[in-house]
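For reference, the chains in residue letters:
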Amino acid sequence: QVQLVESGGGLVQAGGSLKLSCAASGATFNRYVMAWFRQAPGKEREFVAGIRWSGGSTYYGDSVKGRFTISRDNAKNTVYLQMNSLIPEDAAVYYCAAERSLIITAQVRGYDYWGQGTQVTVSS
């Protein structure tokens, strides 16, 4: 059973940085795609970034390109989201997701496994 546990959320001032972690277990992830999504109150869940575990190719949502970086640590089975130049619009619950696939998709329905989420709050 795949399990995903996010951590690293919190309160940060606009312009600041935060790094989220997603610890993955329960599978051999070299044939998985991992992704970060976010959901603000009253809004749909939005794709943030994705990474192919094997090879490390990445894909970003337009709203975070150039500010966020997704990466993974094979030895720790952990995926990270480095968030820089945060703005109030980045505030949301951030979710880690996984799918046994080699194709990164921005669609929520493309992922079978989800973490519980971690809250990111950005003060202006």
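This text gives an overview of the structure that appears in the document. All figures in this text were calculated on a predicted structure; none of them were measured in a lab. (Residues numbered from 1 in each chain as written. Predicted model: local features only at pLDDT ≥ 70, side-chain atom pairs only at ≥ 80, totals over all residues. Heavy atoms only, no water.)

### Here's the deal with the state of the cysteines
Where we set the bar: Working definition: a disulfide is two cysteine sulfur atoms within 2.5 Å of each other. Here a strand is any run of E in DSSP of at least two residues, a helix any run of H or I of at least four, and the numbering for each starts at the N terminus. Partly exposed residues are those whose accessible area sits between 20% and 50% of the maximum for their type, while under 20% is buried and over 50% is exposed, using a 1.4 Å probe and protein chains only.
With the rule as written, the count across this model stands at one disulfide. At a sulfur-sulfur separation of 2.1 Å, the disulfide partner of Cys 22 is Cys 96. Its S-S torsion of approximately -75° makes the covalent link between Cys 22 and Cys 96 left-handed. Highlighted residues: Cys 22 in strand S3 (residues 18-25) and Cys 96 in strand S9 (residues 92-99), separated in sequence by 74 residues. Like Cys 96, Cys 22 is buried.

### Quick notes on the pairing of strand S5 (residues 46-52)
Within a regular strand, side chains alternate between the sheet's two faces. Convention followed: Pairing between strands requires that DSSP locate at least two bridges from one strand to the other.
Extensive coverage of S5 is indicated by the burial of five of its seven residues. Note: strand S4 (residues 33-39) against S5, six bridges, orientation antiparallel. Its bridge partner lying in S5, Val 33 is registered against Arg 52. Once S4 ends, the chain turns through six residues before running back antiparallel as S5, passing Gly 42 with a positive phi of about 75°. With three bridges connecting them, S5 and strand S6 (residues 58-60) associate as antiparallel partners. Its bridge partner lying in S6, Ala 49 is registered against Tyr 60. Taking the residues that link successive antiparallel strands as the turn, the S5-S6 hairpin has five residues, and the phi of Gly 55 there is positive, at about 95°.

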